[in-house]
Amino acid sequence: VRSTRTKNVILSVNPKRKGQIFCQNYIFSRAKTDIVVLIEANTLPQSNTYLEQMIQPFKANTSIGFSVGQPHTMPPQSHIEKVIEAQRQIYLQTISPVLLHAFPICSGRGGRAFSKMLYHDFRWPKAVPEDLYIHLWCLGRNIPIVYRPNAGMYYRAPATYTDYKNMMLKIRKGLEAIREHF
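Residues numbered from 1 in each chain as written. Predicted model: local features only at pLDDT ≥ 70, side-chain atom pairs only at ≥ 80, totals over all residues. Heavy atoms only, no water.

Engineer: If you had to explain the overall build of the protein to someone new, which residues and values would you point to?
Structural biologist: When you go through the protein residue by residue, the secondary structure sums to seven helices and five strands. Counting helices and strands in the order they occur from the N terminus, the protein gives α-β-β-α-β-α-α-β-α-α-β-α. For 182 residues, the compact-globule estimate of 2.2 N^0.38 gives 16 Å, and the C-alpha radius of gyration of the protein, at 17 Å, lies within 12% of that figure. Seen along its three principal axes, the alpha-carbon backbone of the protein occupies a region of about 45 × 40 × 35 Å. (Helix = DSSP H or I, 4+ residues; strand = E, 2+ residues; numbered from the N terminus. Rg over C-alpha atoms; globule rule 2.2 N^0.38 Å.)

As structure tokens, this is what we get:
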């Protein structure tokens, strides 16, 4: 996206890549709206009602910190994508129902909508898994999080072994970093 004609959308482009946490903190620092919706660059809303589904809970409950959409993998194309999807399905079928319900909440791939009450003063520290960090931060402060299963978001699984290995390394390093904060 290089431009927009919509008055309510601000396009901000960094000349150099500065990372997701920097960009999200920048968005939060500039926002003045009641709700900020963050959608990851490599995702695609499943329907035209996605935004409506994400912001609906805030109308009924002003104490909600953020809502989380439901991530769905795109149909696998490469061999490694098929293996990763099979592994994901086995994982989801074997974990307890409690963990299964929590699983999507910790993923930014479903997109998230944040209340002004939360984003106004919140900032992510550097080098943490931002999706898990905000979840744990809210839980520690008893700030309600709402899971929106009807707000579906597609994402693509890693297509190569190298991509998969890098994703797993990022997850491992993220878990090590999160221990410093919680």
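Engineer: Account for the pairing of strand β3 (residues 66-73), with residues named and values stated.
Structural biologist: Burial analysis of β3 places seven of its eight residues in the buried class, which makes it a mostly covered element. Looking at chain direction, β3 and strand β4 (residues 112-115) are connected through three bridges and run antiparallel. In the sheet register, Phe66 faces β4, and the bridge partner there is Phe114. (Buried < 20%, exposed > 50% of the residue type's maximum accessible area, 1.4 Å probe, protein only. Pairing = 2+ DSSP bridges.)

Engineer: So, the confidence of the model for the protein: which residues are in play, and what are the values?
Structural biologist: With 93% of its residues at a pLDDT of 70 or more, the protein has an overall mean of 87. Taken element by element, the predicted model of the protein shows its lowest mean pLDDT in helix α4 (residues 97-102) (57) and its highest in helix α5 (residues 116-119) (96). (pLDDT = per-residue confidence, 0-100.)

Engineer: An account of the pattern of salt bridges is needed here, citing residue identities and associated values.
Structural biologist: Considering all chains together, one arrives at three salt bridges under this definition. Of the charged contacts, one joins Glu176 and Arg172 as a salt bridge, the two residues approaching to 3.3 Å between their closest N and O atoms. Of this pair, Glu176 and Arg172 both sit in helix α7 (residues 161-178), four residues apart, which is roughly one turn of the helix. On the basis of relative accessible area, Glu176 is assigned to the partly exposed category, the value being 41%. (Salt bridge = Lys/Arg side-chain N within 4 Å of Asp/Glu carboxyl O.)

Engineer: Describe the packing of aromatic side chains, with residues and values.
Structural biologist: By the definition in use, this model includes ten aromatic pairs. Residues Phe114 and Trp124 carry aromatic rings whose centres are separated by 6.1 Å and whose planes lie at 90° to one another, so their mutual orientation is edge-to-face. Pair noted here: Phe114 is in strand β4 and Trp124 is in the loop between α5 and α6 (130-140), with a separation of ten residues, a long-range link. Taken as a pair, Phe114 and Trp124 share a single burial class, namely buried. Site record: aromatic cluster; members linked through ring pairs are Phe28, Phe66, Phe114, Tyr119, Phe122, Trp124, Tyr133, Trp137 and Phe182. (Phe/Tyr/Trp six-rings, centres within 6.5 Å; stacked < 30°, edge-to-face > 60°.)

Engineer: Mind laying out helix α1 (residues 20-30), listing which residues take part and the relevant values?
Structural biologist: Turning to α1, its buried residues are Ile21, Gln24, Asn25 and Phe28. In an axial view of α1, the angular spread of the buried residues amounts to 100°, which keeps them on one side of the axis. Those residues of α1 hidden inside the fold are in contact with β1 (35-38), β4, α5 and α6. (Arc of directions from axis to C-beta. Contact = heavy atoms within 4.5 Å.)

Engineer: Tell me about a nonpolar patch on the surface, residues and numbers included.
Structural biologist: Residues Phe22, Tyr26 and Ile27 make up a contiguous nonpolar surface patch of about 240 Å² in total accessible area. Assignment of secondary structure puts Phe22 in helix α1. (Patch = residues over 30% accessible without salt bridge, like charges linked within 9 Å, V, L, I, M, F, W, Y side chains within 5 Å. Areas by Shrake-Rupley, 256 points an atom, 1.4 Å probe, with all protein chains shown as cover.)

Engineer: Which residues make up unusual backbone geometry, and what are the values?
Structural biologist: Residue Ala127 is not a glycine yet carries a positive backbone phi of 60°. For Ala127, the position within the fold is in the loop between α5 and α6. Of note, Asn142 is a non-glycine position whose phi angle comes to about 55°, a positive value. Mapped onto the fold, Asn142 is located in the loop between α6 and β5 (145-155). We classify Asn142 as exposed; its relative accessible area is 71%.

Engineer: Give me the sheet that holds β5: which residues, what numbers.
Structural biologist: The five strands lie next to each other as β1-β4-β3-β5-β2, forming an open sheet whose pairing is mixed. The strands lining the two open edges of the sheet, one partner per strand, are β1 and β2 (43-45). Put simply, the sheet's adjacent strands are angled 35° from each other on average, direction ignored. Bridge count for β1 against β4 is four bridges, and the pairing is antiparallel. For Val36, the partnering residue across the bridge sits in β4 and is Phe114. Contacts between helix α2 (residues 50-60) and the sheet are confined to β1, β2, β3, β4 and β5, with β5 contributing the most and set at about 170° to the helix. (Axes fitted to C-alpha atoms, helices over the stretch in contact; angles between N-to-C directions.)

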